[in-house]
Structures are given as structure tokens and as C-alpha cells.
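Below are the chains, spelled out letter by letter.
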Protein chains: 2
Amino acid sequence: MSKGDETRRAILTEATAVAARVGLTGMTIGQLAAHTGMSKSGLYAHFASKEALQIEILRHTRERFVDQVVRPALQAPRGVARLRVLFDSWVTWSEAMEEGGCLFVAASSELDDQPGPVRDALVRDERDWLEMIATVAGTAVSEGEFRDDLDLEQFAYELHALTLAHQHASRLLRDPHALDRVHRAFESLITHAGQPA
Amino acid sequence: MSKGDETRRAILTEATAVAARVGLTGMTIGQLAAHTGMSKSGLYAHFASKEALQIEILRHTRERFVDQVVRPALQAPRGVARLRVLFDSWVTWSEAMEEGGCLFVAASSELDDQPGPVRDALVRDERDWLEMIATVAGTAVSEGEFRDDLDLEQFAYELHALTLAHQHASRLLRDPHALDRVHRAFESLITHAGQPA
DNA sequence: ACACGAAAAGAACGATCGTGCTATAACTGA
DNA sequence: TCAGTTATAGCACGATCGTTCTTTTCGTGT
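Read on for a plain summary of the structure. Keep in mind that what you see is a predicted model, and the values were worked out from it rather than measured. (Residues numbered from 1 in each chain as written. Chains lettered and ligands numbered in written order. Predicted model: local features only at pLDDT ≥ 70, side-chain atom pairs only at ≥ 80, totals over all residues.)

**Brief notes about the overall build of chain A**
Turning to step 1, where the next piece is worked out: Check the secondary structure of chain A and you find nine helices and zero strands.
Turning to step 2, where the next piece is worked out: When the helices and strands of chain A are read in sequence order from the N terminus, they spell out α-α-α-α-α-α-α-α-α.
Turning to step 3, where the next piece is worked out: Each of the three principal axes of chain A carries a C-alpha extent, and together these read 60 × 35 × 30 Å.
Turning to step 4, where the next piece is worked out: Across the 197 residues of chain A, 38% fall into the buried class.
Turning to step 5, where the next piece is worked out: Residue pairs at least 24 apart in sequence account for 58% of intrachain contacts in chain A once pairs closer than 6 positions are excluded. (Helix = DSSP H or I, 4+ residues; strand = E, 2+ residues; numbered from the N terminus. Buried ≥ 20, exposed ≤ 12 C-beta atoms within 10 Å, placed from the backbone. Contact = placed C-beta atoms within 7 Å.)

In C-alpha cells:
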């Protein structure tokens with residue numbers, strides 16, 4: 001990997017952390033330069049525009065998300081076990097962020113009414129994520145662990161709701177029982193998906 | 001009401017809409033002045049600082065929230081009926097926002113790691129809101145509609161999760177079935193709160 | 001209707017924004 | 001090691017930021 005790619009990656013990693021804290025829009029080039037110890041123009045030379053940087057931040061985060069959350073789940077056995085790994089991996093991913101939590105969660109409400117290519121990229125990522133949850137839940141159906149009339153999209157919606165709630169309880173409210181809360185809600189969700197409607 | 005109070009209120013109403021769209025931090029005085037047709041300094045004279053304006057926006061929004069969401073619920077009969085009104089009123093409140101949705105939801109992820117008096121005010125409001133949900137759920141317990149070992153805080157957590165998810169589905173994903181989704185999730189929540197654990 | 005206080009505008013401040021252009025410094029392949 | 005590319009810094013730009021001041025306009029009580 002050339003020197004350019006190396007620093008470029010370092011910038012993206014740092015930018016991801018900053019963006020999670022102050023938002024993709026709130027983040028500024030100057031602020032980012034200060035954090036990385038580079039000059040504003042030296043840093044900026046790696047990207048075509050701030051908007052392009054924002055999109056690359058999302059791409060970079062997505063790659064790490066797949067590595068740390070999706071891949072472990074796909075290596076677990078199909079069914080509820082895989083769903084558990086997916087969920088636990090997400091919680092771990094979210095907790096691992098020193099500040100700001102999951103960037104996708106933060107960006108979701110920041111960009112929800114700000115049209116443009118950044119929002120479009122985020123929408124694609126979020127759709128993929130919901131689809132992934134639904135697909136994994138589907139393996140629990142085909143394994144006979146979930147009832148076979150389960151609405152997979154509705155299940156994904158409700159599981160995703162827990163991730164949003166966890167970020168809220170953990171990051172905003174600093175609820176010491178946040179982890180316990182989200183796990184109990186998850187178990188309740190799984191239990192009811194297994195019983196007949 | 002004097003002229004000053006009148007425009008001040010008009011500013012806050014407009015500012016609430018702007019803040020819901022671009023965030024409490026993303027909103028600027030100049031932008032706000034343009035939206036209200038006032039000069040920057042004329043508008044700014046009504047507030048001590050931008051931070052003070054942000055706090056007043058939250059206070060103003062809170063007042064309207066109590067009027068439009070909390071009060072109707074308290075006028076409904078105790079129990080599940082009251083809980084339904086509370087939830088339906090929130091959905092109506094959220095849908096009524098032309099853009100950006102519920103300001104509290106938007107601000108929650110924006111301020112979750114930005115310490116200061118604005119965050120503190122928001123945390124108080126969100127705690128009050130969760131407490132309100134738990135209290136209303138409690139009336140359903142004492143009316144015998146919910147099982148009496150129901151964890152009220154956990155119930156509030158899960159109901160609140162649905163409001164976050166609805167904003168996500170409705171505003172970001174523009175899911176045409178968002179309303180249907182959130183209602184089904186709500187019914188499911190109520191049903192399970194009524195059955196023995 | 002007039003005077004006085006309140007409300008709004010005008011103008012300017014230092015700072016920082018995103019973004020170019022130009023020069024220097026640092027890598028890299030022959 | 002030297003040439004040539006690539007990466008970074010320096011500097012400046014117009015615009016806008018939050019904020020303060022002074023001046024003008026307007027609403028209001030008598």
C-alpha cells in the first residue's frame with residue numbers, strides 16, 4: 001500500500017470517529033486536519049469535495065461493519081444462533097465506538113430530510129442492513145425455530161428498532177442498564193417469533 | 001401579548017421547523033433570519049446566544065408536545081385506552097411535521113455525545129417522556145389489562161424504540177408501509193404485555 | 001399627538017468555513 | 001543516486017459563522 005493510500009485510510013478512520021460525534025455535516029475539514037495533525041489542504045487533497053469525503057466515510061464504515069458484524073454472523077450456524085451472533089456483534093460494534101456510537105444510527109436522523117448523494121448512499125446501506133436482518137431471521141424460519149408465517153420485514157423492523165433504542169439509552173441517557181434492557185428486549189422478540197401468532 | 005413576544009414566538013416556531021430539518025447545531029442565525037424575513041441582528045436581539053436559542057427551541061417544542069401528545073392522553077380513560085391515545089397522538093405529532101419529523105428524535109442522536117446545557121435539557125425531556133409512558137402503562141396494570149409483573153420501564157423502553165424506528169422508516173427510508181409497521185408493532189407490544197410472562 | 005421605550009436594521013468584528021492554486025517536501029522506480 | 005512522480009504544506013479567496021455595537025424605525029401609554 002502506497003503512502004497516499006495509507007494516510008488516506010488513516011484520515012477516513014479518524015473522520016469516522018469525528019463524524020459519529022458531531023455528525024457528517026457538523027464535521028469540518030479544519031477540525032479534521034487538527035485531529036490528524038495534517039494541514040487543511042494536505043488532507044483535502046485526498047478527496048474531491050467534502051461531500052465526496054462524507055460518502056467515502058460511509059463506504060469505509062460499511063466495510064468495517066461488514067467485517068465486524070455481518071461476517072461473524074454468516075460464519076455461525078443458520079437459525080437463531082446466527083441471529084444472536086448478528087445482534088451481539090452489532091452491540092459490540094456499537095459499544096466499541098469510544099464516542100458517538102454507531103455512525104449509521106447517528107447519520108440516519110441527521111440526513112433523513114437532507115436530499116443528496118450522501119443521503120442516498122446511507123439509505124442504500126440501511127436497506128441492506130434491514131434486508132440482512134430479515135434474511136438471517138429467514139434462516140431461523142427454515143430451521144423451524146421461528147414460526148413459518150413470521151413477517152420477516154416486520155421482524156427486521158422491530159429488531160432494528162432495538163438498535164436505535166440502545167443507542168438512545170446508552171449514549172444520550174447514559175442508562176447503566178442499557179445493555180441489560182436491549183438484551184431483554186431481544187430475547188422477548190425472539191421468544192415471540194417462535195410462538196404461533 | 002406585546003409585539004416583541006409575538007415575533008419571538010414566531011421565530012421559535014420557524015426555528016423549530018428548521019432545527020428539525022438541519023439539526024439544532026446545523027441551524028444558523030443567518031439561515032433563520034432568511035426564513036423569517038428578518039435581519040440577523042433583529043432576530044438575534046431576542047436571544048442571549050445561539051445556545052440560549054437552542055434551549056428555548058426545546059422549551060417551546062416541549063410545550064407544544066405536552067399540548068398535543070400528553071394532554072389528550074390524560075383526558076382519555078385510564079389503561080390501555082389511554083396508552084393508545086398517547087401512542088396515536090405521538091404518531092400524529094410526528095407525521096404533522098412537514099419535514100424533519102419529531103425534533104426530539106432528531107436532537108437525540110445529534111446531541112448524544114455533545115455535552116452542555118442543551119444536551120442536559122434534552123435529556124431531562126426524554127427522561128420525562130419515558131417516565132410518562134411508563135406511568136400510563138402503569139394505569140393499564142392497575143386496571144388489570146396488563147399483567148401485574150410487567151416491567152414498566154422496560155415497556156416504556158420498547159415503546160419508545162418504536163417511535164425511533166418509525167421516524168427512521170418514515171423519514172429516512174420513506175417506507176410507504178411505515179405507519180402500518182409501527183401500528184402492528186404497537187399492537188404486538190400491547191398484546192404481550194397483557195399475557196402472562 | 002407626542003414622547004419615550006421597545007424592536008428591528010445596519011454595519012462591522014474576528015474566526016472559520018469549503019475550496020482552489022502554487023510551491024515545497026517526501027517518496028519511489030530506474 | 002537521481003529524476004520524476006506523488007504527497008503535503010502554505011497561502012489566499014469569497015462566503016458565512018456567532019456576536020456586538022450603533023442607529024433608525026416602530027409601537028404604545030398618556
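What follows picks up the thread again.
**A closer look at the environment of A137 of chain A**
Residues and elements named next belong to chain A.
Turning to step 1, where the next piece is worked out: With respect to the secondary-structure elements, A137 resides in helix 7 (residues 117-142).
Turning to step 2, where the next piece is worked out: Residue A137 is classed as buried on the basis of its 27 C-beta neighbours within 10 Å.
Turning to step 3, where the next piece is worked out: Through-space distance from the C-alpha of A137 to that of V80 is 7.3 Å; in sequence the pair is 57 residues apart.
Turning to step 4, where the next piece is worked out: When residues no more than four places from it in sequence are discounted, the contact partners of A137 are L83, F146, L152, F155 and A156.

**Section: the interface of chain A and chain B**
Turning to step 1, where the next piece is worked out: On the chain B side, the residues contacting the 35 residues of chain A number 35 residues.
Turning to step 2, where the next piece is worked out: At 13 residues, helix 8 (residues 152-172) of chain A tops the list of elements feeding residues into the side of chain A that touches chain B.
Turning to step 3, where the next piece is worked out: Across the side of chain A that touches chain B, the residue classes tally to twelve nonpolar, twelve polar and eleven charged. (Nonpolar A, V, L, I, M, F, W, Y, C, P; charged D, E, K, R; others polar.)

**Quick word on the relation of the copies chain A and chain B**
Turning to step 1, where the next piece is worked out: Of the two same-sequence chains, chain A is brought onto chain B (RMSD 0.0 Å, axial shift 0.0 Å) by a rotation of 180 degrees. In short, the pair behaves as if placed about a two-fold rotation axis. No C-alpha of chain A approaches the rotation axis more nearly than that of A161 of chain A, which lies at 2.6 Å.
Turning to step 2, where the next piece is worked out: Both copies contact each other with a shared surface, as 100% of the interface residues of chain A are interface residues in chain B too. (Least-squares fit on C-alpha atoms with pLDDT ≥ 70 in both.)

**As for the protein's contact with DNA strand C**
Turning to step 1, where the next piece is worked out: Near DNA strand C, the surroundings consist of 21 residues, among which G30 and K50 of chain A together with G4, S41 and G42 of chain B are the closest.
Turning to step 2, where the next piece is worked out: Counting residues per element, the ones that place at least two in the surface near DNA strand C are helix 2 (29-36) and helix 3 (40-44) of chain A together with helix 1 (3-22) and helix 3 (40-44) of chain B.
Turning to step 3, where the next piece is worked out: Considered class by class, the residues forming the surface near DNA strand C number four nonpolar, twelve polar and five charged. (Near = placed C-beta within 6 Å.)

**Quick word on the nonpolar core**
Turning to step 1, where the next piece is worked out: One finds A15, A161 and A165 of chain A together with A15, A161 and A165 of chain B to be the most contacted residues of the largest nonpolar core, which totals 105 residues.
Turning to step 2, where the next piece is worked out: With sequence-adjacent residues up to four places away left out, A161 of chain A is seen in contact with A161, L162, L164 and A165 of chain B. (Core = buried A, V, L, I, M, F, W, Y, C linked by C-beta atoms within 7 Å.)

**What to know about helix 4 (residues 50-75) of chain A**
Residue and element names in this part refer to chain A.
Turning to step 1, where the next piece is worked out: Relative to the 38 Å expected for 26 residues at 1.5 Å per residue, helix 4 spans 37 Å between its end C-alpha atoms, a close match to the ideal helical length.
Turning to step 2, where the next piece is worked out: Where helix 4 bends most, the angle comes to about 40 degrees, and this point is V66.
Turning to step 3, where the next piece is worked out: Those residues of helix 4 that sit buried are L53, Q54, I55, I57, L58, T61, F65, V69 and A73.
Turning to step 4, where the next piece is worked out: Along its buried surface, helix 4 packs onto helix 1 (3-22), helix 5 (80-96), helix 6 (103-110) and helix 7. (Expected span 1.5 Å × (residues − 1). Bend = angle between axes of the 7 residues up to and from the residue.)

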